[in-house]
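Coordinate analysis (summary)
Listed below, chain by chain, are the residues.
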Amino acid sequence: MKLLHVVPTYLPAWRHGGPALAVHGLCRALVARGHEVTVFTTNVHGAGTLEVPLEVPVPTDGVAVWYFPVASPRRLYRSPALGAALARWVADFDLAHLHSVFLWPTAAAARAAERAAVPYLVAPRGMLVGDLLRRRGRLRKHLWIRLVERRTLARAAGLHTTSDLEAAEVARLGLAPTAVYVVPNGVDVEPWHPQRDGELAAPVRAALGRHPLLLFLGRLSWKKGLDRLVLALAQVPDATLAVAGNDEEGYRAHLDALATAAGVANRILHLGPVHGADKASLLHHADALVLPSYSENFANVVLEAMAAGLPSVVTPEVGLAGVLQETGAGVVAEGDPQCFAAALRALLADTERRRAMGRRGVMAARRFSWEAVAARMEEVYGEILSRNRTVARAARQTLASGTIR
């Protein structure tokens, strides 16, 4: 199949979190299965831009990645050059997979695909959640839904969610198209070897010297529940919290004030973004991963922790919470600081329980290999194309019947 993926940001734009990594993992795995995969994206990287060639294919792990410049308003990722490319080439593809909502590239790609009679699949990537709509830009997003997104979803060949939780959230909004496909993200975990100790950054090395060590890995955002995590830490004596992630929202100042008021500022280590050996060492040597999110459609980091043998403590609002409960690879606790703290204390007090959870996590993570995920997505694409051909054939037969009469 010739597949087009449209996503607002893409590697190496690591500042934008999990979706960019997840989309590349899927695209790379689809290429390995023999498909021709092209990505249309922008050159946005945080407040800056990527140093990449523009408006030409950039080969990345077999994927042809096209980066396009953005114009005002930048926050919508509007790109006239990307729009022109869609108008010119979208008809050359068998199917388009659009990642995100509330952003210009998805709407532009949906309209272009519709005009070219190319079926398209929409992946909201956690952005169609009632709580998020209520908390951030409520009026603006509801207006966008009414004017843009409702049509985009109504005319899509299907909706791609990464968890049952995300599918249920979209259904509650009354926006899900008839066909909903739940296909999870896959996992890539960098292995850890003791000889890599010399590669560690000094702050990471210092964090690994603290025990018990709780690890938060991800961007600093209100939706991640870091506020209640700080309050929970006050009820978990002696534990240190390592916070590894970028702060694009300027949220750290609020957390610092909260930590000072709670008396735990000296037990929180801010490491900034971590990659390579630093990330691998934290995943393999922390005592538990913590993610008390208010909303999380999937949570790639939980899957990474499972694959590294690290138990997780998460809230029910995390997409992989059901998998943790099913496999016994972690703990699901209510986000109230007192409840979350109780779960942390119980887990940290039982070394053998943590080790058993880690072993179960490693086993369970195997079913989330990118090869398995790509095979499932391939089935979804095939089903959509088959249905599309059936509809087209029926339309031709109806037309021919009418012509004869």
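The structure contained in this document is the topic of the report that follows. No experiment lies behind these values; they were computed from the predicted model shown.

Rules and cut-offs
Residues numbered from 1 in each chain as written. Predicted model: local features only at pLDDT ≥ 70, side-chain atom pairs only at ≥ 80, totals over all residues. Heavy atoms only, no water. 1 Å grid on protein atoms, 1.4 Å probe; cavity = no way out; pocket = protein on both sides within 12 Å on 5 of 7 lines; lining within 4 Å. Points joined across faces, edges and corners; volume = space filled by probe spheres on them. Helix = DSSP H or I, 4+ residues; strand = E, 2+ residues; numbered from the N terminus. Nonpolar A, V, L, I, M, F, W, Y, C, P; charged D, E, K, R; others polar. Phe/Tyr/Trp six-rings, centres within 6.5 Å; stacked < 30°, edge-to-face > 60°. Buried < 20%, exposed > 50% of the residue type's maximum accessible area, 1.4 Å probe, protein only. Pairing = 2+ DSSP bridges. Axes fitted to C-alpha atoms, helices over the stretch in contact; angles between N-to-C directions. Contact = heavy atoms within 4.5 Å. Polar contact = N/O pair within 3.5 Å; in protein donor to acceptor, adjacent residues only side chain to side chain. Salt bridge = Lys/Arg side-chain N within 4 Å of Asp/Glu carboxyl O.

1. Concerning empty space enclosed by the protein
Tallied over the entire structure, the rule returns two cavities of 30 Å³ or more. Along the walls of the largest cavity sit Leu226, Val230, Leu241, Val243, Leu255, Ala259, Ile268 and His270, which together make up its complete lining. Secondary-structure elements contributing two or more residues to the lining of the largest cavity are helix 8 (226–233), strand 12 (240–244), helix 9 (252–262) and strand 13 (268–270). Grouping the amino acids of the lining of the largest cavity by side-chain chemistry returns seven nonpolar, one polar and no charged. Approximately 30 Å³ is the volume found for the second largest cavity. Taken together, Ala22, Leu26, Arg125, His160, Val183, Pro184, Asn185, Trp370, Val373 and Met377 make up the full set of residues lining the second largest cavity.

2. Notes on the packing of aromatic side chains
Considering all chains together, one arrives at five aromatic pairs under this definition. With a centroid separation of 6.3 Å and 15 degrees between ring planes, the pair formed by Trp66 and Phe68 is classed as stacked. Assessed through its relative accessible area of 2%, Phe68 is described here as buried. Residues Trp222 and Tyr294 carry aromatic rings whose centres are separated by 6.5 Å and whose planes lie at 35 degrees to one another, so their mutual orientation is tilted. With Trp222 in the loop between strand 11 (213–217) and helix 8 and Tyr294 in the loop between strand 14 (288–291) and helix 11 (300–307), the pair connects residues that are 72 residues apart, well separated along the chain.

3. Remarks on the sheet that holds strand 13
With respect to topology, six strands assemble into an open sheet ordered 13-12-11-14-15-16, the strand pairing being parallel. A single partner strand is all that each edge strand has here, and the edge strands are strand 13 and strand 16 (330–332). When strand polarity is set aside, the average angle formed by the axes of neighbouring strands in this sheet is 20 degrees. Sheet topology note: the strand 11/strand 14 ladder contains two bridges and is parallel. When the bridges of strand 14 are listed, Leu214 appears paired with Ala288. Across the face of the sheet, helix 8 comes into contact with strand 11, strand 12, strand 13 and strand 14 while running at roughly 175 degrees to strand 11.

4. Remarks on the sheet that holds strand 7 (residues 95–99)
Sheet architecture is open: eight strands sit in the order 5-6-2-1-7-8-9-10, paired in mixed fashion. With partners counted over all chains shown, the strands left at the sheet margins are strand 5 (57–60) and strand 10 (180–182), one partner each. On average, adjacent strands in this sheet sit at an angle of 25 degrees to one another, irrespective of strand direction. Sheet analysis places strand 2 (residues 36–42) next to strand 6 (residues 63–68), joined by five bridges and oriented parallel. Pairing of Thr41 across the sheet is with Tyr67, part of strand 6. Helix 1 (residues 18–32) rests against strand 1 (2–6), strand 2, strand 5, strand 6 and strand 7 of the sheet, and its axis sits at about 170 degrees to strand 1. The strands that helix 2 (residues 80–89) touches are strand 1, strand 2 and strand 6; relative to strand 2, the one it contacts most, it runs at about 150 degrees.

5. A look at the layout of surface pockets
Each pocket or cavity is described by its volume, and for the second largest pocket that value is around 260 Å³. Taken together, 15 residues form the lining of the second largest pocket, with Pro119, Arg155, Ala156, Ala157 and Asn388 sitting closest to its centre. Of all the secondary structure elements, the ones that give two or more residues to the lining of the second largest pocket are helix 3 (104–115) and helix 15 (370–404). The element that contributes the greatest number of residues to the lining of the second largest pocket is helix 15, accounting for four residues. Across the lining of the second largest pocket, the residue classes tally to ten nonpolar, two polar and three charged.

6. Let's talk about unusual backbone geometry
Residue Pro12 follows Leu11 across a cis peptide bond; omega there is 5 degrees. Structurally, the position occupied by Pro12 is in the loop between strand 1 and helix 1. Omega for the peptide link from Ser72 to Pro73 comes to 0 degrees, which places this bond in the cis form. If you trace the backbone, Pro73 turns up in the loop between strand 6 and helix 2. Positive phi, normally seen in glycine, also occurs at Tyr77, with a value near 60 degrees. Here Tyr77 is to be found in the loop between strand 6 and helix 2.

7. Concerning the side chain of Asn185
With respect to the helices, strands and loops of the structure, Asn185 is situated in the loop between strand 10 and helix 7 (202–208). One polar contact links Asn185 to Arg125, side chain to side chain, over a distance of 2.9 Å. Engagement of the side chain of Asn185 in a polar contact is seen with the side chain of Asn300, the distance being 2.7 Å. In this view, Asn185 contacts Ala22, Arg125, Thr162, Phe298, Asn300, Leu303, Phe368, Trp370 and Val373; residues no more than four positions away in its chain are not counted.

8. What to know about the pattern of salt bridges
Using the criterion set out here, one finds 13 salt bridges in the structure. The shortest N-O distance in the salt bridge between Glu249 and Arg219 comes to 3.2 Å. Of this pair, Glu249 sits in the loop between strand 12 and helix 9 while Arg219 is found in the loop between strand 11 and helix 8, placing the two residues 30 residues apart along the sequence. Glu249 gets classed as partly exposed once you look at its relative accessible area, which sits at 37%. Where Arg252 meets Asp256, a salt bridge forms, and the shortest distance between an N and an O atom there is 3.2 Å. With Arg252 and Asp256 both in helix 9 and four residues apart, the pair spans about one turn of that helix. A relative accessible area of 30% means that Asp256 is categorised as partly exposed. Beyond isolated ion pairs, a larger network of salt bridges with shared partners links Glu114, Arg151 and Arg155.

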